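Tertiary structure, described
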Amino acid sequence: MTSGLPSDAIAHPVQVSVRRATLTGGFNVTVSGESFPAALPGAARVRFGAVVVPAAQLEDSSLVAAVPAVPAPAAVPLEVSFNGQSFSAPPPPSYKVDT
């Protein structure tokens, strides 16, 4: 599915609503940022490390997405996409997963 956005539309997330998570994930986080283009319904994505999940755009500067489970404690980088191809440029915000 294409979003109708250019493939180079890159957003800049700057804050995530949690700083710590559990290995099991399964709860929602809000990602706030800058330069979030309007996404077509279902086009927004959040990448947690290597796992990409769908996201809902709340407004022009925030998204909400469900945190996936992770195999081990780690710092998890977080990136956003509004076209499923281009993800936000580093350095991304991150959160820490505890046991």
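Sequence order sets the numbering: in each chain, residues are counted from 1 along the sequence as written. Only residues with pLDDT of at least 70 get local features here, since the model is predicted, and only at 80 or more are side-chain atom pairs given and counted; chain-wide, interface and lining totals rely on the full set of residues. By convention in this description, side-chain values take in all heavy atoms of the structure and omit both hydrogens and water.

With respect to the nonpolar core
Our working rule: Only buried residues count toward a nonpolar core, which is a set of Ala, Val, Leu, Ile, Met, Phe, Trp, Tyr and Cys residues joined through side-chain atoms within 4.5 Å. Working definition: with a 1.4 Å probe on protein chains only, accessible area under 20% of the residue-type maximum means buried, over 50% means exposed, and in between means partly exposed. Per the convention used, a helix needs a DSSP run of H or I reaching at least four residues, while a strand needs a run of E reaching at least two, with both numbered from the N terminus.
The biggest cluster of nonpolar side chains holds 17 residues, and the ones touching the most others in it are V46, F48, L63 and V80. Counting only elements with at least two residues in this core, the list comes to β3 (28-34), β4 (45-48), β5 (51-59), β6 (62-66) and β7 (74-81). When residues of this core are assigned to their parent elements, the largest contribution, 3 residues, is made by β7.

A word on the pattern of salt bridges
Applicable threshold: Whenever Lys or Arg places a side-chain nitrogen within 4 Å of a carboxyl oxygen from Asp or Glu, that contact is recorded as a salt bridge.
Applying the stated criterion across every chain yields a total of 1 salt bridge. Among the ionic pairs, E79 bridges to R47, the shortest N-O distance being 3.1 Å. Residue E79 is located in strand β7, and its partner R47 is located in strand β4; the two are separated by 32 residues in the primary sequence. The class for E79 is buried, based on a relative accessible area of 14%.

Focus on the pairing of β4
Defined as follows: DSSP-based pairing: two strands are paired if at least 2 bridges between them are found.
The alternating pattern of β4 places V46 and F48 on a buried face, while none of R45 and R47, on the opposite face, is buried. As judged from the 4 bridges shared by β4 and β5, these two strands associate in the antiparallel manner. When the sheet's bridge partners are listed, R47 is paired in β5 with V52. Between β4 and β5, which follow one another and run antiparallel, lie 2 residues, and G49 among them has a positive phi close to 65 degrees. Here β4 pairs with β7 via 4 bridges, running antiparallel. Across the sheet, the residue bridging to F48 is L78, located in β7.

Side note on the pairing of β5
Note: β5 against β6, 4 bridges, orientation antiparallel. Pairing of A55 across the sheet is with A65, part of β6. Between the antiparallel neighbours β5 and β6 lie 2 residues.

Topic: the environment of F82
Within the secondary structure, F82 sits in the loop between β7 and β8 (94-98). You can call F82 buried: its relative accessible area is 1%. For the pair F82 and A38, spaced 44 residues apart in sequence, the C-alpha to C-alpha distance is 7.8 Å.

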